[in-house]
Amino acid sequence: MNLIITGASGFIGFNLVKYLKKYFNNVIAISRKNGPFVDKIVNDYKEIISYPRESTFLVHLADNNLNNNNSLNIEKSTIKVLSEHFREKLIFSSTAAVYKDSDKLLHEHNNINISNNYIESKLLSEKEILKNNGIVLRLSNVYGINMSKNNIFYDVLKQIKNKKIYLNNSNVIRDFIFVTDVCYLIKKIITNPVKGIYNVGTGKGTSIKYLTYEIIKSLGLKVSSYEYISKYKDKSTLILDVNNVSKVFGWEAKVSLKTGVKEFISYEKKNSYLHR
């Protein structure tokens, strides 16, 4: 079986390709730009319908830059073509950002929040995928090795030599999941796909302030050595209910926040980011 991963040069794609190559012989990593594990570069993801549906499974992680309505239409067209070709042999990567903030655990049927083109595109794509019996994964805040430098983890690392840590909003609470847990779930789904929308997270909330403390402790430093200054203090909570995905696929996140942060910091130390 061909196992195609799009967005293979991105954070999750990079980790997923590396992970799946341990278990599957014919993993094909596709992207619009080059990367360590990329096998094929395409200009348009519609090109991959050249692979026969009968012997191919697609994990579509790629995103488009949705800055205008034209970009939105292009994305809709791409998803329609891929979904109609691969049908039930397609996993689509969506986001927990489709939900409104809530102090309660968020179920797949909770109210959605169309706040921008990106969210609108994800929801339209989800509808198309489900129409053709595919699988939608609403991912919470995924972190780990090779992630973008534009996040709270690197914001803290950049300030670590100072005695003041400036945060955008220390009261924000999110559901942080380590990337290998996501990879493990996708592997399980590939071997036994079941149509539906599934929340993917830990089901546990972590505040930005607490996450900052864990990063500092993982560096072997004292939390009390720093002053923490938050620009905003409005509370915002988004934690996923993961009972559905656990029940259907017999899966749960295994990596604790403490362990995940330690692994991330260990990688950064080896790759000299902390010495810049």
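Residues numbered from 1 in each chain as written. Predicted model: local features only at pLDDT ≥ 70, side-chain atom pairs only at ≥ 80, totals over all residues. Heavy atoms only, no water.

Quick look at the overall build of the chain now. In terms of regular secondary structure, the chain is built from 8 helices and 14 strands. Over its C-alpha trace the chain gives a radius of gyration of 19 Å, about what one expects of a compact globule, namely 19 Å for 276 residues. Counting only C-alpha atoms and orienting by the principal axes, one finds that the chain spans roughly 60 × 40 × 40 Å. Taken over 276 residues, the chain has a buried fraction of 51%. When the accessible surface of the chain is summed, it comes to about 13,500 Å², and 46% of that surface belongs to carbon and sulfur atoms. For the chain, the distance from the average position of its 41 positive side-chain charges to the average position of its 24 negative side-chain charges is 5 Å. (Helix = DSSP H or I, 4+ residues; strand = E, 2+ residues; numbered from the N terminus. Rg over C-alpha atoms; globule rule 2.2 N^0.38 Å. Buried < 20%, exposed > 50% of the residue type's maximum accessible area, 1.4 Å probe, protein only. Areas by Shrake-Rupley, 256 points an atom, 1.4 Å probe, with all protein chains shown as cover. Lys, Arg positive; Asp, Glu negative; His and termini not counted. Charge placed at Lys NZ, Arg CZ, Asp CG, Glu CD.)

We now examine the packing of aromatic side chains. Applying the stated rule across the entire model yields 10 aromatic pairs. Centroid distance Tyr143 to Phe178: 5.2 Å. Interplanar angle 70°. Geometry classified as edge-to-face. On the criterion of sequence distance, the pair formed by Tyr143 in strand S7 (residues 141-143) and Phe178 in strand S10 (residues 176-178) is long-range, its members being 35 residues apart. Overall, the relative accessible area of 1% leaves Phe178 in the buried class. Pairing Phe153 with Phe264 gives two aromatic rings, centres 5.3 Å apart and planes at 70°, and the pair type is edge-to-face. Remark: Phe264 occurs in helix H8 (residues 257-270) and Phe153 occurs in helix H4 (residues 152-158); sequence separation between them is 111 residues. Accessibility classification places Phe153 together with Phe264 in one group, the buried group. Counting every residue linked through ring pairs, the aromatic cluster contains Tyr143, Phe153, Tyr154, Phe176, Phe178 and Phe264. Residue placement shows Lys163 over the ring face of Tyr226; its charged tip is 5.4 Å from the ring centre. (Phe/Tyr/Trp six-rings, centres within 6.5 Å; stacked < 30°, edge-to-face > 60°. Lys NZ or Arg CZ within 6 Å of the ring centre and 35° of its normal.)

Judged by nonpolar contacts, the single largest core of 66 residues is most densely connected at Val59 and Phe153. With 7 residues, helix H5 (residues 179-191) is the largest single contributor of residues to this core. Counting residues in each nonpolar core, the second largest holds 17 residues, with Tyr51, Leu90, Ile129 and Ile197 among its members. (Core = buried A, V, L, I, M, F, W, Y, C linked by side-chain atoms within 4.5 Å.)

Here we come to H8. Taking 1.5 Å of rise per residue, 14 residues should cover 20 Å, and H8 covers 20 Å from first to last C-alpha, within 8% of that figure. Among all positions in H8, only Leu257, Gly260, Val261, Phe264, Ile265 and Glu268 are buried. For H8, the buried positions fall inside an angular range of 130° around the axis, keeping them on one side. In this structure, the buried residues of H8 make contact with S7, H4, S10, strand S12 (206-207) and helix H6 (208-218). (Expected span 1.5 Å × (residues − 1). Arc of directions from axis to C-beta. Contact = heavy atoms within 4.5 Å.)

If you trace the backbone, Asp241 turns up in the loop between strand S14 (236-238) and helix H7 (243-249). Among the polar contacts listed, one links the side chain of Asp241 to the side chain of His107, at a separation of 3.4 Å. A distance of 2.9 Å separates the side chain of Asp241 from the backbone nitrogen of Asn243, its partner in a polar contact. With residues up to four places along the chain from it excluded, the contact list for Asp241 reads Leu105, Leu106, His107, Glu108 and Asn199. (Polar contact = N/O pair within 3.5 Å; in protein donor to acceptor, adjacent residues only side chain to side chain.)

Among the secondary structure elements, Phe57 is positioned in strand S4 (residues 56-60). Classification of Phe57 as buried rests on a relative accessible area of 2%. C-alpha of Phe57 to C-alpha of Ala8: the two residues are 49 residues apart in sequence and 15 Å apart in space. Sequence-distant contacts of Phe57, defined by excluding residues within four places in its chain, comprise Met1, Asn2, Leu3, Ile4, Glu88, Lys89, Leu90, Ile91, Ile190 and Pro193.

At a minimum axis separation of 9 Å, helix H1 (residues 11-20) and H5 run at an interaxial angle of 60°. Taken together, the axes of H1 and H5 are oblique relative to one another. When the axes of H1 and H5 are compared, the crossing they make is right-handed. Residues Phe11, Ile12, Asn15, Leu16, Tyr19 and Leu20 of H1 touch H5, and the partners they reach there are Val179, Cys183, Tyr184, Ile186, Lys187 and Ile190. Along the lines of polarity and charge, the residues of the contact of H1 with H5 split into 10 nonpolar, 1 polar and 1 charged. (Axes fitted to C-alpha atoms, helices over the stretch in contact; angles between N-to-C directions. Parallel < 35°, antiparallel > 145°, perpendicular 65-115°, else oblique. Left-handed = near helix turned anticlockwise from the far one by under 90°. Nonpolar A, V, L, I, M, F, W, Y, C, P; charged D, E, K, R; others polar.)

Strand pairing in a sheet takes place through backbone hydrogen bonds and is either antiparallel or parallel in direction. Spatially, S12-S9-S14 is the arrangement adopted by the 3 strands of the open sheet, whose pairing is mixed. Looking at strand neighbours, the two that pair on one side only are S12 and S14, the edges of this open sheet. The pairing of strand S9 (residues 172-174) with S12 spans 2 bridges and is antiparallel. Its bridge partner being in S12, Ile173 is matched across the sheet by Ser207. (Pairing = 2+ DSSP bridges.)

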